[in-house]
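# Notes for the structure review
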There are 2 protein chains.
Amino acid sequence: MNDEATVVELNHESRLQSEDHQSIRLWLRLLTCTNMIEQRLRARLREEFATTLPRFDFMAQLDRAPDGLTMGELSQRMMVSGGNVSGIANQLSGEGLIDRSPVPDNRRTLCVTLTDKGRKRFADMAAAHERWVVEMLGNLSQVEHQLIMTHLAQLKRGVTALET
Amino acid sequence: MNDEATVVELNHESRLQSEDHQSIRLWLRLLTCTNMIEQRLRARLREEFATTLPRFDFMAQLDRAPDGLTMGELSQRMMVSGGNVSGIANQLSGEGLIDRSPVPDNRRTLCVTLTDKGRKRFADMAAAHERWVVEMLGNLSQVEHQLIMTHLAQLKRGVTALET
DNA sequence: ACAAAACATTTTATATTTAAAATGTTAATA
DNA sequence: TATTAACATTTTAAATATAAAATGTTTTGT
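If you're wondering where the values come from, they're calculated on a predicted model, not measured in any experiment.

Thresholds, definitions, all that
Sequence positions are assigned chain by chain, starting from 1 and proceeding in written order. Each chain takes a letter, starting from A, and each ligand takes a number, starting from 1, following the order in which they are written. Predicted model: local features are reported for residues with pLDDT of at least 70 only, side-chain atom pairs are reported and counted for 80 or more only, and whole-chain, interface and lining totals are derived from all residues. Side-chain numbers here rest on the full set of heavy atoms in the structure, without hydrogens or water. Being paired, for any two strands, means DSSP has found at least two bridges between them. The numbering of helices and of strands both runs from the N terminus, where a helix is a DSSP run of H or I of at least 4 residues and a strand a run of E of at least 2. When checking whether two residues touch, look at their non-hydrogen atoms; a contact exists if any pair is within 4.5 Å. Reported buried area values correspond to the accessible surface (1.4 Å probe) lost by two parts on association, with both partners' losses combined. Salt bridge, as used here, is a side-chain nitrogen of Lys or Arg placed within 4 Å of a carboxyl oxygen of Asp or Glu. Polar contact is defined as a pair of N or O atoms within 3.5 Å, subject to the rule that within protein one atom must be able to donate a hydrogen and the other to accept it, and that residues adjacent in sequence are counted only when both atoms are side-chain atoms. For this classification, Asp, Glu, Lys and Arg are treated as charged, while Ala, Val, Leu, Ile, Met, Phe, Trp, Tyr, Cys and Pro are nonpolar and the rest, including Gly, are polar. The angle between two axes is taken between their N-to-C directions and runs from 0 to 180 degrees, where each axis is a line fitted to C-alpha atoms and a helix contributes only its stretch in contact. By definition in this entry, angles of less than 35 degrees are roughly parallel, angles greater than 145 are roughly antiparallel, angles of 65 to 115 are roughly perpendicular, and the rest are oblique. Left-handed describes a crossing whose near helix is turned anticlockwise from the far helix through less than a right angle; right-handed describes the clockwise counterpart. One heavy atom within 4 Å of a molecule or strand is enough for the residue carrying it to be called near that molecule or strand. For this overlay, a least-squares fit was computed on C-alpha atoms, restricted to residues scoring pLDDT of at least 70 in both copies. When the centres of two rings from Phe, Tyr and Trp lie within 6.5 Å, Trp using its six-membered ring, the rings pair. Their planes under 30 degrees apart give stacked, over 60 give edge-to-face, and anything left gives tilted. Each residue is placed in one exposure class: buried if its accessible area under a 1.4 Å probe, protein chains only, is under 20% of its type's maximum, exposed if it is over 50%, and partly exposed if it falls in between.

## Section: the sheet that holds strand β2 (residues 98-102) of chain A
Residues and elements named next belong to chain A.
- If you walk across this open sheet you meet the three strands as β1-β3-β2, and the pairing is antiparallel. Every interior strand has two partners, whereas the edge strands, β1 (69-70) and β2, have only one.
- Sheet analysis places β1 next to strand β3 (residues 110-114), joined by two bridges and oriented antiparallel. Residue L69 lies in a different strand from β3, and its bridge partner there is V112.

In structure tokens:
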């Protein structure tokens, strides 16, 4: 329902015009960038490894923590609810990619680790994943990378600083 | 399962260490920032307006397009699947917030518009939404805003430029 | 020691999301 | 004009997500 002359930006930012507030613009651009990258990664993971982004993320967190993580730690790091983590853990456990073992000190917690099979499986995916991300972001220079990192760090600080 | 000395960054970036590639770091920081903001907005919309982010986004796209949008246009702009848009449209239509009317030229397409009720409802939410975003991003200076916008624009170009 | 609070996780119910198949419509072309 | 391809949307099935309740464990305060 656009007339021909309209410049169509087919994403979130299309909602905006010049009078709108700068912060909203920034937020929508951030959202657009993230969504674009996320969708490409999701599609590739499905096509080439028949898996999903949440499952990849789950395994990535474990790969970075050789001593394992509790369910709660996984939930926090993945930024999703506890129930969500439980469900994904059930799947991966059923496929023999992770182990869940009790902790001596605290019978409330479970320690989740990658199995050998899981670690091998993840290694393949991680290499491809890194190639894809570099493909998407690699056109930025070292300096630009650093600048954006710094700016996003400050942005993050501002958001984190707010209560609740 | 972290020992005491470990610095715990409770988000996606915790997966990384210094040897990892810069592009991955940038991607994960982007993802973390977006998720943090998204979760806050989602919680606020639920608490104060008993609605969801996708529903807000749907209405926001329509508010910016007084002549209405087709389902496909909504899908593209919201960056979600067609089936998703159908579901949200059913809800909003059931609540009398949008209209779906056939288009004379093309019986395949539907033109979706906000009802008066929908437009009023959205106006309230949009004002609050803008306050929340400014609260989160407003600590950045004008100059920083502009810098990040520019950098993200270039990042976006790089991603868009890829085939598929 | 006991009650109450905090904690870690799972379960439940519901909503969202996606990809892919199905349906119906229009355009292209041979 | 048939036939095929492209298009717009909805439906379906499976996965993912959330909030809130339930369960069991540990800590705290009295």
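## Some thoughts on the interface of chain B and chain A
- The partner chain A presents 76 residues to the 78 residues of chain B that form the contact.
- In total, about 7,800 Å² of surface goes out of reach between chain B and chain A, with carbon and sulfur atoms giving 61% of it.
- One can count zero salt bridges joining chain B with chain A.
- Our count for the contact surface shared by chain B and chain A stands at 13 residue pairs in polar contact (both at pLDDT 80 or more).
- Counting residues per element, the ones that place at least two in the side of chain B that touches chain A are α1 (22-49), α2 (53-63), β1 (69-70), α3 (71-78), α5 (116-137) and α6 (142-161) of chain B.
- Ranked by residue count, the leading element in the side of chain B that touches chain A is α1(B), at 19 residues.
- Residues that form the side of chain B that touches chain A fall into these classes: 33 nonpolar, 27 polar and 18 charged.

## Observations regarding the packing of helix α6 (residues 142-161) of chain A against α1(B)
- One way to put it is that α6(A) packs onto α1(B) with a least axis distance of 10 Å and a crossing angle of 25 degrees. Taken together, α6(A) and α1(B) sit at an angle that is classed as roughly parallel. Judged by the twist between their axes, the crossing of α6(A) over α1(B) is left-handed. Along its contact with α6(A), which presents A:Q142, A:H145, A:Q146, A:I148, A:M149, A:L152, A:A153, A:L155, A:K156, A:V159 and A:T160, the element α1(B) presents B:Q22, B:S23, B:R25, B:L26, B:R29, B:L30, B:T32, B:C33, B:M36, B:I37 and B:R40.
- When its residues are assigned to classes, the contact of α6(A) with α1(B) shows 11 nonpolar, seven polar and four charged.

## Topic: the protein's contact with DNA strand D
- In the vicinity of DNA strand D lie 23 residues, with A:T52, A:S81, A:Q91, B:G72 and B:S86 positioned nearest.
- At 2.7 Å from a phosphate oxygen of DNA strand D is found a main-chain nitrogen or oxygen belonging to A:S81.
- Where the surface near DNA strand D is concerned, the elements lending two or more residues are α2 (53-63) and α4 (82-94) of chain A together with α3 and α4 (82-94) of chain B.
- Taken together, the residues that form the surface near DNA strand D break down as five nonpolar, 12 polar and six charged.

## Looking at the pairing of strand β3 (residues 110-114) of chain B
- As paired strands, strand β2 (residues 98-102) of chain B and β3(B) are joined by five bridges and run antiparallel to one another. Paired with B:D99 across the two strands is B:T113, which belongs to β3(B).

## Comments concerning the relation of the copies chain B and chain A
- Each copy of the sequence occupies a distinct position, and chain B is placed on chain A by a rotation of 180 degrees and an axial shift of 0.0 Å, giving an RMSD of 0.2 Å. These values place the two chain copies in the arrangement generated by a two-fold rotation axis.

## Overview of the packing of α1(B) against α5(B)
Residues and elements named next belong to chain B.
- Packing of α1 against α5 leaves a shortest axis separation of 11 Å and a crossing angle of 145 degrees. Of the two possible hands of crossing, α1 and α5 adopt the one that is right-handed. Where α1 abuts α5, its residues I37, R40, L41, R44, L45, E48 and F49 lie against D124, M125, A128, H129, W132, V133, E135, M136 and L137.
- Of the residues contributing to the contact of α1 with α5, the split by class is 10 nonpolar, one polar and five charged.

## Description of the protein's contact with DNA strand C
- Taken together, 22 residues form the shell around DNA strand C, and within it A:G72, A:S86, B:S81, B:Q91 and B:R107 come nearest.
- Counted by atom, the contact set of DNA strand C within 4 Å of the protein is 78% sugar and phosphate.
- Here a base oxygen of DNA strand C sits 3.0 Å away from a polar atom, N or O, in the side chain of A:R108.
- For the surface near DNA strand C, the per-class residue count stands at five nonpolar, 12 polar and five charged.

## Side note on the packing of aromatic side chains
Residues and elements named next belong to chain B.
- If you walk through the whole model with that rule in mind, you get four aromatic pairs over all chains.
- An angle of 55 degrees between the planes, with centres 6.2 Å apart, marks the rings of F49 and W132 as tilted. Here W132 lies in helix α5 and F49 lies in helix α1, a separation of 83 residues in the sequence.
- Judged by relative accessible area, W132 falls into the buried class, the value being 4%.

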